[in-house]
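What the coordinates show
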Amino acid sequence: NMPKSRAGRDEAIGQRPRLQQDTAELTQRRDRARSGQIALEDRTVHLIAALEREGMRPRALCQAAEIVDDAWRDAAEALLARDREAIIVGPEHASRAVEILRTSRDSNRGCRIVNTRRLADQKQNAQAGTLASVFASDDALAMAFIVFRTGNIRLAETQAELLEGGRAIMRDGAYNSGIIVEVLRAQDLKIGRAAGPRMETELGRQIDEQRSWLAQ
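What this report covers is the structure whose coordinates are included nearby. In this convention, every chain numbers its residues from 1, walking through the sequence in written order. For this predicted model, a pLDDT threshold of at least 70 governs which residues receive local features, and a threshold of 80 or more governs which side-chain atom pairs are given and counted, while totals over whole chains, interfaces and linings are taken from all residues. To get the side-chain values, take all heavy atoms of the structure and skip hydrogens and water.

Turning next to the overall build of the chain. Every helix listed is a DSSP run of H or I at least four residues long, and every strand listed is a run of E at least two residues long, numbered separately from the N terminus. A tally of helices and strands in the chain yields 8 helices and 8 strands. Working definition: with a 1.4 Å probe on protein chains only, accessible area under 20% of the residue-type maximum means buried, over 50% means exposed, and in between means partly exposed. Taking all 216 residues of the chain together, 41% fall into the buried category. For every accessible area listed, the method is Shrake-Rupley and the probe measures 1.4 Å; residues are considered covered only by the protein chains on display. Per element, the accessible surface of the chain, about 12500 Å² overall, is 47% carbon and sulfur.

In terms of nonpolar packing, the biggest core is built from 44 residues, with Leu47, Leu51, Leu131, Phe135 and Ile169 touching the most fellow members. Elements represented by at least two residues in this core include exactly helix 2 (42-53), helix 3 (61-64), helix 4 (73-80), strand 3 (87-88), helix 5 (94-103) and helix 6 (140-150). A total of 7 residues in this core trace back to one element, the largest contributor, which is helix 6. Two residues form a contact once any of their heavy atoms are found within 4.5 Å. If sequence neighbours within four positions are ignored, Phe135 has contacts with Glu66, Ile67, Val68, Ala76, Leu80, Met143, Ile146, Thr150 and Ile191. We define the nonpolar core as a collection of buried residues of types Ala, Val, Leu, Ile, Met, Phe, Trp, Tyr and Cys that are connected through side-chain atoms lying within 4.5 Å of one another. Residues Ala156, Leu162, Ala168 and Ala174 belong to the second largest nonpolar core, which totals 5 residues.

One key point about sheets: their strands pair by backbone hydrogen bonds, in either a parallel or an antiparallel sense. At least two bridges found by DSSP between two strands are what make those strands a pair. The 4 strands lie next to each other as 5-6-7-8, forming an open sheet whose pairing is mixed. Single-partner strands in this sheet number two, and they are strand 5 (154-155) and strand 8 (181-183). One ladder, built from 3 bridges, connects strand 7 (residues 174-176) with strand 8; its direction is antiparallel. Residue Ala174 lies in a different strand from strand 8, and its bridge partner there is Val183.

Not every positive phi belongs to a glycine, and Ala81 is a case in point at roughly 50 degrees. Among the secondary structure elements, Ala81 is positioned in the loop between helix 4 and strand 3.

Turning next to helix 4. In terms of burial, helix 4 is largely enclosed, as 7 of its 8 residues are buried. Ala81 lies just past helix 4 and shows a positive phi near 50 degrees.

A few words on the side chain of Arg84. With respect to the secondary-structure elements, Arg84 resides in the loop between helix 4 and strand 3. Since its relative accessible area comes to 7%, Arg84 is described here as buried. Within the structure, the side chain of Arg84 is placed 2.7 Å from the side chain of Glu77, a separation counted as a polar contact. Contacts of Arg84, omitting those with residues within four sequence positions, involve Ala60, Leu61, Cys62, Glu77, Ala186, Asp188, Leu189, Lys190 and Ile191. Residues adjacent in sequence count toward polar contacts only when both atoms are side-chain atoms; beyond that, a polar contact is any pair of N or O atoms within 3.5 Å, and within protein one must be able to donate a hydrogen and the other to accept it.

This brings us to the pattern of salt bridges. Salt bridge, as used here: a side-chain nitrogen of Lys or Arg that lies within 4 Å of a carboxyl oxygen of Asp or Glu. Using the criterion set out here, one finds 12 salt bridges in the structure. The residue Lys190 makes a salt bridge to Glu85 at a minimum N-O spacing of 2.9 Å. Of the two residues, Lys190 is situated in the loop between strand 8 and helix 8 (195-215) and Glu85 in the loop between helix 4 and strand 3; the sequence distance between them amounts to 105 residues. Both residues of the pair, Lys190 and Glu85, belong to the buried class. In this structure, Arg154 engages Glu164 in a salt bridge whose closest nitrogen and oxygen atoms are separated by 3.9 Å. Of this pair, Arg154 sits in strand 5 while Glu164 sits in the loop between helix 7 (159-162) and strand 6 (168-169), and the two are 10 residues apart along the sequence.

Let's shift gears to helix 5. Listed in full, the buried residues belonging to helix 5 are Ala94, Ala97, Ile100 and Leu101. What you see down the axis of helix 5 is that its buried residues fit within an arc of 125 degrees, all on one side. Among the exposed residues of helix 5, those oriented more than 90 degrees off its buried face are Arg102 and Thr103. In this description, one arc is meant: the one made by directions from the helix axis to the C-beta atoms.

Our focus in this paragraph is the environment of Ile179. Along the chain, Ile179 falls in the loop between strand 7 and strand 8. A relative accessible area of 74% places Ile179 in the exposed class. A C-alpha to C-alpha distance of 7.9 Å links Ile179 and Gly166, two positions 13 residues apart in sequence.

Given below as structure tokens:
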């Protein structure tokens, strides 16, 4: 049993630096959430700063929108996924913003720019009973993008409603794309001012869990 014990000890020692780093990152994210900041990825923050230096008014979708029915928050956050950090600029700046994104594509990997030139004629009023109806925004471009992205996804209360046809989503994240059903999960909560307090609680739980592992 000695070789197995040594292997277990070595594995635990090897994992400690990673656990310490993970705990430090979780703590930073919790502190940002506690201060009311939305936890944007570092690449998104840097790209927003670059666009601001060009005289634009960039904002991430999750900064410009709110979820008005929190019962559907998990489903909405999971469905939008990476699009929650999609960056919105005025239509007159969209082409230049994409140019900057492409020029530094390595450092901007995973970042997204909304082609707002396509949203000029997009309706901003969400139809009742669709996922878009659980959002609100004073930003016309943000709301137009939300309707474009989620305005044809039905809210389903039961599995029977989920499978009725077309795109639909349930509160637990069960999503019917029209032909494939899967259960979506949001890793973080990002959308609107209410996301911070909820993320602070969840991140606090994860930090306590990591620290208990480190204490072993």
